[in-house]
Amino acid sequence: MIYLDNASTTRVSPEVIVAMRPYWDEIYGNCSSLHDMGQRAKEHLEDARNRIAKCLGAESDEIYFTSGGSESDNWAIDSACKYGAMRNKKHIITTAFEHHAILHTLKEKEKQGFTITYLPVYENGIVKVADVEKAITEETCLVTIMYANNEIGTIQPIAEIGNICAKHGVVFHTDAVQAVGHIPINVKADKISMLSLSAHKFHGPKGVGMLFCKKGSPLFPFVHGGGQERNRRAGTENLPGIMGMCVALESATKDMAKVNDRLIEYRDKLFTELSKIPHSKINGDTISRLPGNFNMSFEGIEGESLLLMLNDMDICASSGSACTSGSLDPSHVLLAIGLPHEIAHGSLRLTLSKYTTIEDINHAIESVPKVVAHLRKFSPVWDEMEKGVIKHVI
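Residues numbered from 1 in each chain as written. Predicted model: local features only at pLDDT ≥ 70, side-chain atom pairs only at ≥ 80, totals over all residues. Heavy atoms only, no water.

> Can you walk me through helix 7 (residues 158–168) in this structure?
An α-helix turns once every 3.6 residues. As a result, residues three or four positions apart point the same way. Those residues of helix 7 that fall on the buried side of the exposure criterion are Ile158, Ile161, Gly162, Ile164 and Cys165. Looking down the long axis of helix 7, one finds its buried residues gathered within 165 degrees of arc, a one-sided arrangement. Elements in contact with the buried residues of helix 7: helix 6 (129–135), strand 5 (140–144) and strand 6 (171–175). In the segment just after helix 7, Gly169 is the residue with positive phi, at about 70 degrees. (Buried < 20%, exposed > 50% of the residue type's maximum accessible area, 1.4 Å probe, protein only. Helix = DSSP H or I, 4+ residues; strand = E, 2+ residues; numbered from the N terminus. Arc of directions from axis to C-beta. Contact = heavy atoms within 4.5 Å.)

> How should the pairing of strand 5 be read in this particular structure?
If a strand is regular, its side chains alternate between the two faces of the sheet. In terms of burial, strand 5 is a largely internal element, five of the five residues being buried. Summarising the sheet, strand 3 (residues 91–95) and strand 5 pair through three bridges and their orientation is parallel. Bridged to His91 within strand 5 is Thr140. With three bridges joining them, strand 5 and strand 6 adopt parallel strand pairing. Directly across from Leu142, in strand 6, lies its bridge partner Val171. With helix 7 bridging strand 5 and its parallel neighbour strand 6, the resulting β-α-β unit is right-handed. (Pairing = 2+ DSSP bridges. Right-handed = clockwise from strand over helix to strand, strands pointing away.)

> Is there a simple way to explain the pairing of strand 3 in this structure?
In terms of burial, strand 3 is a largely internal element, five of the five residues being buried. The two faces of strand 3 match: His91, Ile93 and Thr95 on one face and Ile92 and Thr94 on the other face are all buried. Considered for its hand, the β-α-β crossover made up of strand 3, helix 5 (residues 100–111) and strand 4 (residues 115–119) is right-handed.

This is how it looks when you write it as structure tokens:
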């Protein structure tokens, strides 16, 4: 199988598997235990915390380990809202195309009396910095805007937004799950208050992530029951997962420039060749975009059928977020950038990794046009478009 669904999850790299092994059968003590085995494990935990911090331009005591991106997002929003409510500030700014870990959490906050401003992201899938500043009021307690979109890969002007939030004294959180390990990030330079990440997006293990929280930013206890993570998140630390995340992030950071040069070449080849399919459209900006993200819509087809047929041709792909793969609704991301429902339904996302080869790309370039053409043969909507009964949208 050719795996082109790396935005959903990535293969765990061999060096990560090797790095994790000792923490299951050698250094397996509980980091909270006082005996030598426990303290040895704690030393490795804190070493990982320090190494991860260096990759992000952070301090080690600003790193908090979690189960993944969704928990980190929830924790950041919950803390900022609690702090805001204490100061009678209950206004939040976000975008219309955030991950559901953000959007669903904010819906819960609305039930608690918070008001949410959903900023537009326009056709190119990028929020305007001026819109962010204009939306800030005296009641704003949080701005939460993703670093890079999980479906169309567009990179947001995070440093500029960070500067605005710092100027107005507003907590700035970014869901960087898709960005970390793929583009350079420095939390200090970007003036980020809180940042979420998940290891399985950059060749680390599933079930482990991290929340960066800048010193001085509000962070209230989120899981109760023990004193782990400086009394803010109870539960025995997942040391094998944390060590795997550490090695994966170091490897991704070290190899980033070399890997990205190749991925950009592959991605742009996909865009060039598949754009030759009539009535197709690239979704999102082609420059301010993750190196390995390809997203296009094809008129007259259904995305689910496209994915199933590509699977029969040994290509693993997606039409959007894996978290909503069972939904029949069109992607909220594609709707947010202005695509009509019928076009949003016919989308394809191919996401690459350091393990993607040119042979994989060539196979996709050969296969996708065949599948699109086949599906259009059996599409009554496409037939009406071709006959001029209804107009083409793309």
